[in-house]
Amino acid sequence: DGGITQSPKYLFRKEGQNVTLSCEQNLNHDAMYWYRQDPGQGLRLIYYSQIVNDFQKGDIAEGYSVSREKKESFPLTVTSAQKNPTAFYLCATGQGAAGYGYTFGSGTRLTVV
Amino acid sequence: QKEVEQNSGPLSVPEGAIASLNCTYSDRGSQSFFWYRQYSGKSPELIMFIYSNGDKEDGRFTAQLNKASQYVSLLIRDSQPSDSATYLCAVGYNQGGKLIFGQGTELSVKP
């Protein structure tokens with residue numbers, strides 16, 4: 001089955017730790033995106049990538065980093081510089097053009113303990 | 001700064017009624033418009049998309065687009081309790097295929 005796999009589903013981070021959220025897709029989509037959602041709010045774009053080995057910052061990139069070494073994979077690292085990381089993180093894929101919309105993964109819920 | 005605005009709600013309608021959800025956007029260069037449904041604790045799922053002015057119907061759902069007034073709406077006919085969710089409006093731009101999302105409208109359908 002084609003789809004997007006995000007792992008883990010729940011993640012707990014201690015103060016000062018870096019953590020990495022995984023996103024893998026087998027839809028053969030060129031573009032991949034990371035969004036953050038806070039309670040009662042919409043989705044805010046963190047980073048996106050249209051092709052392998054290239055990515056761009058979104059609206060709230062500070063404290064996050066990404067890589068795109070393979071078409072199928074777009075991991076997101078939440079660094080210790082991100083002071084308020086508790087949120088629901090969503091990975092999405094698209095065909096790189098505005099008309100197609102996104103397919104979303106099931107999300108990772110990150111909590112700082 | 002491209003913006004997408006929605007009433008946050010909650011919007012409460014009785015079962016069987018029509019639910020009307022509205023969205024406005026700031027950039028006239030917007031090219032595509034999407035409605036996503038998000039159940040509590042789950043990821044968004046695409047339910048409608050529209051590109052041209054006018055109405056587009058799919059089952060109980062109708063999307064309406066008015067580019068001159070820069071608004072897009074979603075009508076849900078014969079609302080069911082299972083329609084209770086947050087509805088996210090998203091606007092697409094060719095730059096990177098990015099979507100800009102509104103903050104979502106919470107819909108509650110009462111039996």
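Residues numbered from 1 in each chain as written. Chains lettered and ligands numbered in written order. Predicted model: local features only at pLDDT ≥ 70, side-chain atom pairs only at ≥ 80, totals over all residues. Heavy atoms only, no water.

Enquirer: Summarise the overall build of chain A; cite the residues concerned and give the values.
Expert: Secondary structure summary: chain A contains 0 helices and 11 strands in total. Listing each helix as α and each strand as β along chain A from the N terminus yields β-β-β-β-β-β-β-β-β-β-β. Dimensions of chain A along its principal axes, counting C-alpha atoms only, are 35 × 25 × 25 Å. Among the 113 residues that make up chain A, the fraction classed as buried is 48%. In chain A, once contacts between residues fewer than 6 apart in sequence are set aside, the share between residues at least 24 apart is 53%. Entry remark: accessible area of chain A is about 5400 Å², with carbon and sulfur atoms responsible for 46%. Computed over 11 positive and 10 negative side-chain charges, the separation of the two mean positions in chain A equals 7 Å. (Helix = DSSP H or I, 4+ residues; strand = E, 2+ residues; numbered from the N terminus. Buried < 20%, exposed > 50% of the residue type's maximum accessible area, 1.4 Å probe, protein only. Contact = heavy atoms within 4.5 Å. Areas by Shrake-Rupley, 256 points an atom, 1.4 Å probe, with all protein chains shown as cover. Lys, Arg positive; Asp, Glu negative; His and termini not counted. Charge placed at Lys NZ, Arg CZ, Asp CG, Glu CD.)

Enquirer: Give a description of the nonpolar core that names residues and reports values.
Expert: Counting residues in hydrophobic clusters, the biggest one holds 25 residues, and the most contacted among them are W35, V72, L74, I76 and Y87 of chain B. Counting only elements with at least two residues in this core, the list comes to β3 (19-25), β4 (32-38), β5 (45-50), β7 (61-66), β8 (71-76), β9 (85-92) and β11 (105-110) of chain B. Not counting residues within four places of it along the chain, the set of residues in contact with V72 of chain B comprises L21, N22, C23, F33, W35, I50, Q64, L65 and C89 of chain B. Within the second largest apolar cluster, 20 residues are counted, among which are C23, M32, I60 and Y64 of chain A. (Core = buried A, V, L, I, M, F, W, Y, C linked by side-chain atoms within 4.5 Å.)

Enquirer: Any chance you could break down the sheet that holds strand β6 (residues 54-58) of chain B for me, citing the residues and the numbers?
Expert: Residues and elements named next belong to chain B. Read from one edge of the open sheet, 5 strands run β1-β3-β8-β7-β6, paired in antiparallel fashion. Every interior strand has two partners, whereas the edge strands, β1 (4-6) and β6, have only one. With strand direction ignored, the average angle separating the axes of adjacent strands in the sheet is 20°. The sheet contact formed by β1 and β3 spans 3 bridges and is antiparallel. What sits directly across from V4, in β3, is Y25. (Pairing = 2+ DSSP bridges. Axes fitted to C-alpha atoms, helices over the stretch in contact; angles between N-to-C directions.)

Enquirer: Which residues make up the pattern of salt bridges, and what values do they have?
Expert: Opposite charge on two side chains allows them to pair when their charged atoms are near. Residue and element names in this part refer to chain A. Tallying each qualifying case throughout the model produces 6 salt bridges over all chains. Ionic pairing is found between D38 and R36, a salt bridge with its closest N-O pair at 3.0 Å. In this pair, the class of D38 matches that of R36, namely buried. Between D38 and R44 there is a salt bridge, and its shortest N-O distance comes to 2.7 Å. The exposure class of D38 is buried, given its relative accessible area of 11%. Salt bridges sharing partners connect three or more residues here, namely R36, D38 and R44. (Salt bridge = Lys/Arg side-chain N within 4 Å of Asp/Glu carboxyl O.)

Enquirer: Which residues make up the state of the cysteines, and what values do they have?
Expert: Counted according to the given criterion, the structure contains 2 disulfides over all chains. Disulfide pairing places C23 of chain A opposite C91 of chain A at an S-S distance of 1.9 Å. When the S-S torsion is -70°, as for the bridge of C23 of chain A with C91 of chain A, the disulfide is left-handed. Linking C23 of chain A in strand β3 (residues 19-25) with C91 of chain A in strand β9 (residues 87-94), this pair joins segments that are 68 residues apart in sequence. The pair formed by C23 of chain A and C91 of chain A is uniform in burial state, with each residue classed as buried. Disulfide pairing places C23 of chain B opposite C89 of chain B at an S-S distance of 2.1 Å. On the S-S bond that ties C23 of chain B to C89 of chain B, the torsion sits near -70°, and the link is left-handed. With a gap of 66 residues between them, C23 of chain B in strand β3 and C89 of chain B in strand β9 connect regions that are remote in the sequence. Residues C23 of chain B and C89 of chain B agree in their burial class; the two are buried. (Disulfide = S-S within 2.5 Å.)

Enquirer: Residues and numbers for the packing of aromatic side chains, please.
Expert: Applying the stated criterion across every chain yields a total of 13 aromatic pairs over all chains. Seen in terms of ring centroids, Y102 of chain A and F101 of chain B are 6.3 Å apart; in terms of plane orientation they differ by 45°. Their pairing is tilted. Of this pair, Y102 of chain A sits in the loop between β9 and β10 (103-104) while F101 of chain B sits in strand β10 (residues 99-101), which puts the two residues in different chains. As far as the burial class goes, Y102 of chain A and F101 of chain B line up, both buried. Following the ring pairs from residue to residue traces out a cluster consisting of Y33, Y35, Y48, Y102 and F104 of chain A together with Y36 and F101 of chain B. Over the aromatic face of F74 of chain A sits the side chain of R68 of chain A, whose NZ or CZ is 6.0 Å from the ring centroid. Between the NZ or CZ atom of R60 of chain B and the centre of the ring of F61 of chain B, over which it lies, the distance is 5.6 Å. (Phe/Tyr/Trp six-rings, centres within 6.5 Å; stacked < 30°, edge-to-face > 60°. Lys NZ or Arg CZ within 6 Å of the ring centre and 35° of its normal.)

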